[in-house]
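As a plain string of letters, each chain reads:
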Amino acid sequence: MEFRNRDIISIKDFSKEEILHIIKTAKKFIPFAEGKKYSDALRGKILSSLFFEPSTRTRLSFESAMHRLGGSVIGVVETTTSSVKKGETLSDTVRMADAYSDVIVLRHSQEGAARLAAEFAEHPVINAGDGAGHHPTQCLLDLFTILNEKKRIEGLNIVLLGDLKYGRTVHSLAYALALFGANLTFVSPKTLEMPKEVVKECKNLGAKPKSTTVLEKAIKDADVLYVTRIQKERFPDPEEYNKVASSYRVDLSLLSKAKRNMIVMHPLPRVTEIAPEVDKTPHAVYFKQAFNGILVRMAILHLILGGKTR
Ligand code: NCD
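Residues numbered from 1 in each chain as written. Predicted model: local features only at pLDDT ≥ 70, side-chain atom pairs only at ≥ 80, totals over all residues. Heavy atoms only, no water.

Q: Would you explain the overall build of the chain in this entry?
A: Looking only at helices and strands, the chain has twelve helices and nine strands in total. Against the 2.2 N^0.38 benchmark of 19 Å for 310 residues, the chain shows a C-alpha radius of gyration of 19 Å, consistent with a compact globule. Taken along the three principal axes of its C-alpha coordinates, the chain extends 55 × 45 × 40 Å. Looking at the chain as a whole, 56% of its 310 residues are labelled buried. If you take every contact in the chain between residues at least 6 apart in sequence, the share linking residues at least 24 apart comes to 74%. Summing over all exposed atoms, the chain offers an accessible surface of approximately 14000 Å²; the carbon and sulfur share of this is 51%. Charge-centre separation for the chain: the mean point of 46 positive side chains lies 6 Å from the mean point of 36 negative side chains. (Helix = DSSP H or I, 4+ residues; strand = E, 2+ residues; numbered from the N terminus. Rg over C-alpha atoms; globule rule 2.2 N^0.38 Å. Buried < 20%, exposed > 50% of the residue type's maximum accessible area, 1.4 Å probe, protein only. Contact = heavy atoms within 4.5 Å. Areas by Shrake-Rupley, 256 points an atom, 1.4 Å probe, with all protein chains shown as cover. Lys, Arg positive; Asp, Glu negative; His and termini not counted. Charge placed at Lys NZ, Arg CZ, Asp CG, Glu CD.)

Below, the structure written as structure tokens:
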């Protein structure tokens, strides 16, 4: 298993064993992520944080992870203050970040942007979300959360809900859950179904995903409900968004139909798809899930930058 200098573009680039190794490494970082211990494993290393799309958790947790490991961060957080505004191409911006740092974390609205960036960069590139494509580090923290809460993935009934067409987190997660042998149910409005290629990939891994528009039925024997936001920014026509915007809402009345130990996950940000009243129930793990992002990102940075072992 070799992680040093590897790009992290898609979860499909990783084997089951590699994914489990990242998760195992992430666990070791709990006291560091909580600020109880200090590490200088990445002292002298610099991370370029290039975010050309909005982000809160992904950017902050990557930056926090780098600082917690003793490294530094430089970055561009939107397109109005950098030379992208002047018309610079992504490849030139990436070349510069590559010259100024040891690892590049890139979020971009175009599918395939991270893969392209990796061709221009000598240093590793981490895909922090490429349009409606993939979000591998979110996927790793989602798997970490499920394993932590449920102790296994194989044989669990997992419902992926919401915008399965444009949601990049569910594209990565469906693949990984199929790889680990979960029973998948996809619940979405008809127009926002899981893309055929993703369904096909899941089937190739031996999964038999079910698709439905009816949440009430799917939730009954679910162990995990993974909720996503309808991705407003990716709709070519705002009218189309309005038609599906409030398709689903997870609230106490819906949860009364679920198993008592079903967990509710969400990559966040949420809009109206989970009622705030759910936050106080034992079902809600989405804030813990967001915290787990630091652990997984510390593990990834440590592994690919060859951090000193403690
Ligand atoms: C997600 C994303 O950017 O894909 N957010 C995240 O990284 N936690 C989900 C979303 O924006 O809906």
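Q: Looking at this model, I keep getting lost on a nonpolar patch on the surface. Mind explaining?
A: Nonpolar side chains collect at one region of the surface, where Ile74, Met96 and Tyr100 lie side by side and expose about 300 Å² of accessible area between them. Mapping Tyr100 onto the fold places it in helix H4 (residues 90-100). Tyr100 gets classed as exposed once you look at its relative accessible area, which sits at 55%. (Patch = residues over 30% accessible without salt bridge, like charges linked within 9 Å, V, L, I, M, F, W, Y side chains within 5 Å. Salt bridge = Lys/Arg side-chain N within 4 Å of Asp/Glu carboxyl O.)

Q: Just to check I follow, could you spell out helix H8 (residues 196-204) for this structure?
A: The α-helix advances 3.6 residues per turn, and as a result positions three or four apart in sequence lie on the same side. Residues of H8 that are buried include every one of Val198, Val199 and Cys202, and no others. Considered in projection along H8, the buried side chains sweep an arc of 100 degrees and stay on one side of the axis. What points out from H8, more than 90 degrees from its buried face, is the exposed set Lys196, Glu197, Lys200 and Asn204. Residues of H8 that are buried make contact with helix H7 (168-179) and strand S6 (183-187). Downstream of H8 by a residue or two, Gly206 has a phi angle that is positive, lying close to 100 degrees. (Arc of directions from axis to C-beta.)

Q: Any chance you could explain the site of the ligand here in plain terms?
A: If you check the shell around the ligand, you find Thr58, Arg107, His135, Gln138, Arg168, Thr169, Arg229, Gln231, Pro267, Leu268 and Pro269 and nothing else. Between an oxygen atom of the ligand and a side-chain N or O atom of Arg107, the distance comes to 3.0 Å. His135 places a polar side-chain atom, nitrogen or oxygen, 2.8 Å from an oxygen atom of the ligand. In isolation the ligand exposes 320 Å². Once the protein is present, 94% of that is buried. (Near = heavy atom within 4 Å. Polar contact = N/O pair within 3.5 Å; in protein donor to acceptor, adjacent residues only side chain to side chain.)

Q: Explain the environment of Tyr166 to me, please; I cannot follow it from the model alone.
A: Along the chain, the position of Tyr166 falls in the loop between strand S5 (157-161) and H7. Sequence-wise, Tyr166 and Ala33 are 133 residues apart; in three dimensions their C-alpha atoms are separated by 31 Å. Beyond its immediate chain neighbours, meaning those up to four positions away, Tyr166 contacts Ala132, His171, Leu192, Gln231, Arg234, Phe235 and Pro236.

Q: Where do I start with a positive patch on the surface in this structure?
A: A cluster of like positive charges, contributed by Lys210, Lys217, Lys220 and Lys257, occupies part of the molecular surface. Secondary-structure assignment places Lys257 in the loop between helix H11 (252-255) and strand S9 (263-265).

Q: I keep staring at the sheet that holds strand S8 (residues 224-227) and nothing clicks. Help me out?
A: Sheet strands pair via backbone hydrogen bonds, and the direction of the pair is either parallel or antiparallel. Ordered in space as S7-S6-S5-S8-S9, the five strands form an open sheet in which the pairing is parallel. Looking at strand neighbours, the two that pair on one side only are strand S7 (210-212) and S9, the edges of this open sheet. Averaged over all pairs of adjacent strands, the angle between their axes in this sheet comes to 20 degrees, without regard to strand direction. Seen against the sheet, H7 touches S5, S6 and S8 and runs at an angle of roughly 165 degrees to S5. (Pairing = 2+ DSSP bridges. Axes fitted to C-alpha atoms, helices over the stretch in contact; angles between N-to-C directions.)

Q: What is the right way to read the layout of surface pockets from this model?
A: Take a probe with the size of a water molecule and roll it over the atoms, and the empty space left behind shows itself. Quantified by volume, the largest pocket comes out at close to 390 Å³. What lines the largest pocket is a set of 21 residues, among which Arg107, Arg168, Arg229, Leu268 and Pro269 lie closest to the centre. Every element with two or more residues in the lining of the largest pocket is listed here: helix H3 (57-68) and H7. When its residues are assigned to classes, the lining of the largest pocket shows four nonpolar, ten polar and seven charged. Formed jointly, the lining of the largest pocket draws a minimum of three residues from each of two domains, domain 1 (11-134 + 293-304) and domain 2 (136-290). Considered as a void within the structure, the second largest pocket measures approximately 300 Å³ in volume. (1 Å grid on protein atoms, 1.4 Å probe; cavity = no way out; pocket = protein on both sides within 12 Å on 5 of 7 lines; lining within 4 Å. Points joined across faces, edges and corners; volume = space filled by probe spheres on them. Nonpolar A, V, L, I, M, F, W, Y, C, P; charged D, E, K, R; others polar. Domains from an automatic or database assignment.)

Q: Explain the packing of aromatic side chains here, please?
A: Describing an aromatic ring pair means giving the distance of the ring centres and the angle of the ring planes. Applying the stated criterion across every chain, the model contains five aromatic pairs. Taking 6.0 Å as the distance between ring centres and 70 degrees as the angle between the ring planes, the aromatic pair formed by Phe29 and Phe32 counts as edge-to-face. Taking relative accessible area as the criterion, Phe32 reaches 4% and is therefore assigned buried. Chaining the aromatic ring pairs together yields one cluster made of Tyr166, Phe235 and Tyr241. (Phe/Tyr/Trp six-rings, centres within 6.5 Å; stacked < 30°, edge-to-face > 60°.)

Q: Teacher, can you tell me more about the nonpolar core here?
A: Here is a general trend for soluble globular proteins: nonpolar side chains tend to be buried in one another's company. Of all hydrophobic cores here, the largest spans 66 residues; its most connected members are Leu143, Leu160, Leu177 and Leu301. Taken domain by domain, this core gets at least three of its residues from each of domain 1 (11-134 + 293-304) and domain 2 (136-290). If we ignore the near neighbours within four places in the chain, the residues touching Leu301 are Leu42, Leu47, Phe62, Ala65, Met66, Leu69, Val103, Ile126 and Gly306. Residues Val227, Val250, Leu255 and Val278 belong to the second largest nonpolar core, which totals 22 residues. (Core = buried A, V, L, I, M, F, W, Y, C linked by side-chain atoms within 4.5 Å.)

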